[in-house]
Amino acid sequence: MKTSTTKTVVVTGGGSGIGLAIAQKFVAAGWQTIIVGRDAQKLAAAKEGMGELCQTISADLSDLTAIPELVKSLGEQFGPIDALVNNAGINMKKEFLDVTDTDFQTILTTNVSAVFTLSREVVKLMLQQGGGSIINISSMASQYGIPKVIAYTASKSAIEGMTRAMAVELSPKGIRVNCIAPGFIATDMSAKALNNDPERKAKVMGRTPMGVMGKPSDIGEAALFLASDAAGYITGVVLPVDGGNSIGF
Ligand code: NAD
């Protein structure tokens, strides 16, 4: 049950994959956890396993104009927002020459513009309440070059730059901003990218010193740490959670 000392986190894309695992970690740690996603049914199924500390909000974050109203109602319904995890994201695997301007823009809208707009609106609430913490999610695609994911790479590289820019501007105001760079984590998204491409999968595993794919819960642990008081002096970092993939030979 929520009490006056219960902290609140908003996790975007919290109905599946990494976002769901992040939400589960926060709920287990006693946080009121609001999962935001496009699919009401998926969100309801996710909530079922988490109980009353989990709340669901259906929204398509690529509709940027709706975000200010969404955040206003989040504040009114659930009180102060202590942490925001910008996890929702989309990928597209296509040859460079086949990527249309619309494809490119679609990825950028969800992975970058929605992160900016949602963060800006949530920061307004965080400033009123005296602080908070934001966690962005990037990718190995911003650590080294991966073919056939040009728009995704551009988007995740932007996320790392935005994390640093937000951290220097917002940390003096009591808002820490950090980023997690997941390695290859077993979810629907990575399955789509790797399962029909054994050569790519072999390449991934060949440069992952720990020799296995990560679990969504590995990212959940890191997100909970970065949002917690244990990370109280950490801001502006990009934390790889990748089994060593980013430094693998
Ligand atoms: P996923 O496809 O399982 O989950 C993504 C979630 O985001 C889904 O619930 C989806 O509905 C939601 N979402 C997408 N667009 C949205 C929108 N416009 N509005 C609201 N919700 C939206 O993928 P995942 O693997 O769990 O990825 C989560 C995050 O982690 C993404 O940002 C992804 O880029 C990043 N990531 C994943 C991996 C991996 O190996 N799986 C690696 C690096 C980074």
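Residues numbered from 1 in each chain as written. Predicted model: local features only at pLDDT ≥ 70, side-chain atom pairs only at ≥ 80, totals over all residues. Heavy atoms only, no water.

Along the backbone of the protein there are eight helices and seven strands. Here the C-alpha atoms of the protein give a radius of gyration of 17 Å, agreeing with the 18 Å that 2.2 N^0.38 yields for 249 residues. Dimensions of the protein along its principal axes, counting C-alpha atoms only, are 50 × 40 × 40 Å. Taken over 249 residues, the protein has a buried fraction of 49%. Sequence separation of 24 or more characterises 71% of the internal contacts of the protein that already satisfy a separation of 6 or more. Counting only carbon and sulfur atoms, one obtains 57% of the accessible surface of the protein, whose full area is about 11900 Å². Treating the 22 positive side-chain charges of the protein as one cloud and the 22 negative ones as another, the clouds have centres 3 Å apart. (Helix = DSSP H or I, 4+ residues; strand = E, 2+ residues; numbered from the N terminus. Rg over C-alpha atoms; globule rule 2.2 N^0.38 Å. Buried < 20%, exposed > 50% of the residue type's maximum accessible area, 1.4 Å probe, protein only. Contact = heavy atoms within 4.5 Å. Areas by Shrake-Rupley, 256 points an atom, 1.4 Å probe, with all protein chains shown as cover. Lys, Arg positive; Asp, Glu negative; His and termini not counted. Charge placed at Lys NZ, Arg CZ, Asp CG, Glu CD.)

We now examine helix 4 (residues 101-129). With 29 residues, helix 4 extends 40 Å from end C-alpha to end C-alpha; this agrees with the ideal 42 Å at 1.5 Å per step. Helix geometry: helix 4 is bent most strongly at T109, by close to 45 degrees. Downstream of helix 4 by one or two residues, G130 has phi in the positive range, about 95 degrees. (Expected span 1.5 Å × (residues − 1). Bend = angle between axes of the 7 residues up to and from the residue.)

Another aspect to go through is the site of the ligand. As a structural note, the neighbourhood of the ligand is formed by 28 residues, with S16, I18, N87, Y152 and T187 the closest of them. The separation between an oxygen atom of the ligand and a polar side-chain atom of S16 is 2.8 Å. Looking at the shell around the ligand, the elements that each hand over two or more residues are helix 1 (17-28), helix 5 (150-170) and helix 6 (188-194). Taken together, the residues that form the shell around the ligand break down as eleven nonpolar, 13 polar and four charged. (Near = heavy atom within 4 Å. Polar contact = N/O pair within 3.5 Å; in protein donor to acceptor, adjacent residues only side chain to side chain. Nonpolar A, V, L, I, M, F, W, Y, C, P; charged D, E, K, R; others polar.)

Located in the positive-phi region is K148, a residue other than glycine, with phi close to 70 degrees. Within the element layout of this structure, K148 appears in the loop between strand 5 (132-137) and helix 5. On the basis of relative accessible area, K148 is assigned to the partly exposed category, the value being 36%.

Turning our attention to the sheet that holds strand 7 (residues 238-241). Picture the strands of a sheet paired through backbone hydrogen bonds; they go either parallel or antiparallel. In spatial order, the strands read 3-2-1-4-5-6-7; together these seven strands make up an open sheet with parallel pairing. For this open sheet the edge positions go to strand 3 (54-58) and strand 7, each flanked by a neighbour on one side alone. On average, each strand axis in the sheet is inclined to that of its neighbour by 20 degrees, with strand direction left out of account. Sheet analysis places strand 4 (residues 83-86) next to strand 5, joined by four bridges and oriented parallel. Of the residues in strand 5, the one forming a bridge with V85 is I135. Each of strand 1 (8-12), strand 4, strand 5 and strand 6 (175-182) touches helix 4; the most contacted strand, strand 4, lies at about 175 degrees to it. Contacting strand 5, strand 6 and strand 7, helix 5 crosses the sheet at an angle of about 160 degrees to strand 6. (Pairing = 2+ DSSP bridges. Axes fitted to C-alpha atoms, helices over the stretch in contact; angles between N-to-C directions.)

Taken together, F96, L97 and I150 make up a surface patch of nonpolar side chains, about 360 Å² in accessible area. Mapped onto the secondary structure, L97 falls in the loop between strand 4 and helix 4. Since its relative accessible area comes to 78%, L97 is described here as exposed. (Patch = residues over 30% accessible without salt bridge, like charges linked within 9 Å, V, L, I, M, F, W, Y side chains within 5 Å. Salt bridge = Lys/Arg side-chain N within 4 Å of Asp/Glu carboxyl O.)

A low pLDDT score tells you not to read the predicted coordinates there in detail. Within the protein, residue pLDDT values average 97, and 100% of them lie at 70 or more. No element of the protein has a lower mean pLDDT than helix 6, which averages 92, and none a higher one than strand 6, which averages 99. (pLDDT = per-residue confidence, 0-100.)

Further remarks concern the packing of helix 4 against helix 5. Put simply, helix 4 and helix 5 touch, their axes get as near as 8 Å, and they point 15 degrees apart. Looking at the two axes, helix 4 sits roughly parallel to helix 5. Between helix 4 and helix 5 the crossing geometry is right-handed. On the side of helix 4, the interface is formed by F104, I107, L108, N111, V112, V115, F116, S119 and V123, while helix 5 contributes I150, A151, Y152, A154, S155, K156, A158, I159, M162, M166 and L170. Counted by class, the contact of helix 4 with helix 5 contains 16 nonpolar, three polar and one charged residues. (Parallel < 35°, antiparallel > 145°, perpendicular 65-115°, else oblique. Left-handed = near helix turned anticlockwise from the far one by under 90°.)

Let us now look at the packing of aromatic side chains. The description of an aromatic ring pair uses the distance of the two centres, along with the angle that the planes make with each other. Tallied over the entire structure, the rule returns one aromatic pair. Between the NZ or CZ atom of R207 and the centre of the ring of Y144, over which it lies, the distance is 3.7 Å. (Phe/Tyr/Trp six-rings, centres within 6.5 Å; stacked < 30°, edge-to-face > 60°. Lys NZ or Arg CZ within 6 Å of the ring centre and 35° of its normal.)

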